[in-house]
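Working through the structure, step by step
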Amino acid sequence: MGLIMRRGVCLLLVAMTLGGCSLLAPQPAVPLPPDPKTQMGALETRIAILVEEERQKLDPKARPLALDAELSKIARARASDMATKNYLAHQGPDGATSATLLMKDDAKWQGLLGENLAAQHYTRQGGVSVDEFAHRFLDEWMKSPPHRDNMAFINYDHAGVGAAVNGDTVYVAVLFSTDLGLPPPKSGGPASTVTSLESPAAASTAPTNPGPAPLRLRGTVGTQ
């Protein structure tokens, strides 16, 4: 009897051990979402589309925005700098702004330049959903009158979008511009300068010197 009981116990223990092995079997790993860095190009495109759509809703008379390679280059440089140095501001730690970068690339550029910035956190497990994040950025800008004014200003006709990511945050810069109908600057004229304005509408009353100076709208920063 004792032997049978011991065998019974042994069998029971074996059964429990096997059961335990079954319960502890490794579960299939949940695949991680794509690397957010690979999503930035698609995010830029989606933001550009949403901004244009919202702009036309805000004012049907607004001029269509043409995506500009030079502005996109500057926007990406600004977004990348913010992501690399972990800040959200219109002026980098080295003093660079979108206006100074643009004028460095094109000394003859003149007109009105507007800038919207924003940042959104993400998790590695959740990743970056292009459409969801694009709408988040747009929603934040729409809640802020200065951001909304930038998007709605009817005279803007060129734009550039840049997006960059670091370990847990996506940074976006959107630039808007118009030459304000100014004639090309004359060679040998006064050196270009940057004038900060409180709103796009203020550009119509801003004084200009004989060699019209570039006018830079004070940009707007989105919430993190």
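Because the structure is predicted, anything quoted here is derived from the model rather than measured. (Residues numbered from 1 in each chain as written. Predicted model: local features only at pLDDT ≥ 70, side-chain atom pairs only at ≥ 80, totals over all residues. Heavy atoms only, no water.)

Description of the overall build of the protein chain
- A count of helices and strands for the protein chain gives 6 helices and 7 strands.
- In the protein chain, the succession of helices and strands from N to C terminus is α-α-β-α-α-β-α-α-β-β-β-β-β.
- Looking at the protein chain as a whole, 42% of its 224 residues are labelled buried.
- Contacts in the protein chain between residues at least 24 apart in sequence constitute 73% of all its contacts with a sequence separation of at least 6.
- Carbon and sulfur atoms make up 60% of the accessible area of the protein chain, which totals about 12300 Å². (Helix = DSSP H or I, 4+ residues; strand = E, 2+ residues; numbered from the N terminus. Buried < 20%, exposed > 50% of the residue type's maximum accessible area, 1.4 Å probe, protein only. Contact = heavy atoms within 4.5 Å. Areas by Shrake-Rupley, 256 points an atom, 1.4 Å probe, with all protein chains shown as cover.)

Some words on the nonpolar core
- If you look at the biggest cluster of nonpolar residues, it comprises 28 residues, and the most contacted ones within it are Leu 43, Ile 47, Phe 137, Trp 141, Val 170 and Val 172.
- Breaking this core down by element, the ones donating at least two residues are helix H2 (40-58), strand S2 (112-121), helix H5 (130-142), strand S3 (158-165) and strand S4 (169-178).
- Per-element accounting of this core gives the leading share, 6 residues, to H2.
- Among all residues touching Ile 47, those that are not within four sequence positions of it are Ala 134, Phe 137, Trp 141, Val 161, Val 172 and Val 174. (Core = buried A, V, L, I, M, F, W, Y, C linked by side-chain atoms within 4.5 Å.)

A word on the layout of surface pockets
- By volume, the second largest pocket is sized at about 160 Å³.
- Together, Asp 68, Glu 70, Leu 71, Trp 109, Gln 110, Asp 157, His 158, Ser 177, Thr 178 and Asp 179 line the second largest pocket.
- Elements that contribute at least two residues to the lining of the second largest pocket include exactly helix H3 (69-85) and S4.
- Grouping the constituent residues of the lining of the second largest pocket by class yields 2 nonpolar, 4 polar and 4 charged. (1 Å grid on protein atoms, 1.4 Å probe; cavity = no way out; pocket = protein on both sides within 12 Å on 5 of 7 lines; lining within 4 Å. Points joined across faces, edges and corners; volume = space filled by probe spheres on them. Nonpolar A, V, L, I, M, F, W, Y, C, P; charged D, E, K, R; others polar.)

Quick notes on the pattern of salt bridges
- A full pass over the atoms with the stated rule returns 8 salt bridges.
- Between Glu 132 and Arg 136 there is a salt bridge; the shortest N-O distance is 2.5 Å. With a gap of 4 residues between them, Glu 132 and Arg 136 both fall in helix H5, about one helical turn apart.
- Linking Lys 143 and Glu 140 is a salt bridge whose minimum nitrogen-to-oxygen distance equals 3.5 Å.
- According to the relative accessible area criterion, Lys 143 is exposed, its value standing at 61%. (Salt bridge = Lys/Arg side-chain N within 4 Å of Asp/Glu carboxyl O.)

Quick word on the packing of H2 against helix H6 (residues 145-152)
- Taken N-terminus to C-terminus, the directions of H2 and H6 make an angle of 90°; their axes are 8 Å apart at the nearest point. Considered as vectors, H2 and H6 are oriented roughly perpendicular to each other. Where H2 approaches H6, its residues Val 51, Arg 55 and Leu 58 are matched on the opposing element by Arg 148, Asn 150, Met 151 and Ala 152.
- Taken together, the residues of the contact of H2 with H6 sort by class into 4 nonpolar, 1 polar and 2 charged. (Axes fitted to C-alpha atoms, helices over the stretch in contact; angles between N-to-C directions. Parallel < 35°, antiparallel > 145°, perpendicular 65-115°, else oblique.)

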